[in-house]
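A closer look at the structure
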Amino acid sequence: MIRIVLAEDQSMLRGALAALLGLEPDLEVVGTAADGEAAWRELQRHGPDLLVTDIEMPGLTGLELAGRIQRHGLATKVVIVTTFARGGYLRRALDAGVQGYLLKDAPVGQLAGALRQVHGGGRAIDPQLALEAWSEADPLTDRERQVLRLAGEGHAANDIAGRLHLSHGTVRNYLSEAIGKLGVGNRIEAYRLARQKGWL
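Numbers given for residues are sequential positions, taken from 1 along each chain in its written order. For a predicted model such as this one, the threshold for reporting local features is a pLDDT of at least 70, and the threshold for listing and counting side-chain atom pairs is 80 or more; totals across whole chains, interfaces and linings nevertheless cover every residue. As a rule here, side-chain values come from all non-hydrogen atoms in the structure, and water together with hydrogens is ignored.

1. Some thoughts on the confidence of the model for the protein
Residue-level confidence of the predictor is what pLDDT reports, using numbers from 0 through 100. When pLDDT is averaged along the protein, the result is 90; 96% of the residues meet or exceed 70. Mean pLDDT in the protein bottoms out at helix α6 (residues 127-133), which sits at 69, and peaks at strand β1 (residues 2-7), which reaches 98. Helix and strand labels come from DSSP, where a helix needs a run of H or I of at least four residues and a strand needs a run of E of at least two; each type is numbered from the N terminus.

Written out as structure tokens, the structure is:
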């Protein structure tokens, strides 16, 4: 049996995916989670073969979870299933050690096949996304991305500085760098463009 932990913040979708995957003779969903931190606890509890996760969730994102799995040297392989058809997300996912990246509108049979492929040591990447991912590089550093994400969520520079343990001036510099790299007029435009490209 291929043992799976499923992380998805939408409860109806999480339940449907768990039920559909459970119908496959060789797949077993051993744990589910509604956010990234709960998913991390499930991973530690069950030590599954695969983590099937969305990207955007409360707590830790799917990409942050994948990075944590990689840093801790866990054997669990990561497959992202998302609505975000953005090349920037795929590039960051691959950098975080993700072996599978599929869109939620894929048929469940395709997902099951992809899970078997990843479990067997292969990769399963949506082909259209793979083409797009290599057409445009993400210009942002990790710090610029963190600062821009918080700014886009409405946090003031002082608040961001406190959260990230940076000085107010350093936060302003990161925002200025991000705005310049993206060629936009302000932090809100920078946030919107970076989100649209899948760089946040």
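2. Quick notes on the pairing of strand β2 (residues 27-33)
Here, a strand pair is defined by DSSP locating no fewer than two bridges between the strands. Relative to β2, β1 runs parallel, the two sharing six bridges. Considered in β2, the bridge of alanine 7 is made with alanine 33. Crossover handedness for the path β1 to helix α1 (residues 11-22) to β2: right-handed. By definition, the crossover connecting two strands over a helix is right-handed if that path, from the first strand to the second, turns clockwise as seen with the strands pointing away from the viewer.

3. Side note on the nonpolar core
Leu43, Leu51, Ile55, Leu65, Val78, Ile80 and Tyr101 are the most contacted members of the largest nonpolar core, which totals 28 residues. The residues touching leucine 43, leaving out its near neighbours within four places in the chain, are Val5, Pro48, Leu51, Leu65, Ile69 and Thr76. Here the nonpolar core consists of buried residues drawn from Ala, Val, Leu, Ile, Met, Phe, Trp, Tyr and Cys, with membership extended through side-chain atoms lying within 4.5 Å. Relative accessibility under 20% of the residue-type maximum defines a buried residue, over 50% an exposed one, and the middle range a partly exposed one, all with a 1.4 Å probe and only protein chains included. Any two residues having at least one pair of non-hydrogen atoms within 4.5 Å are treated as being in contact.

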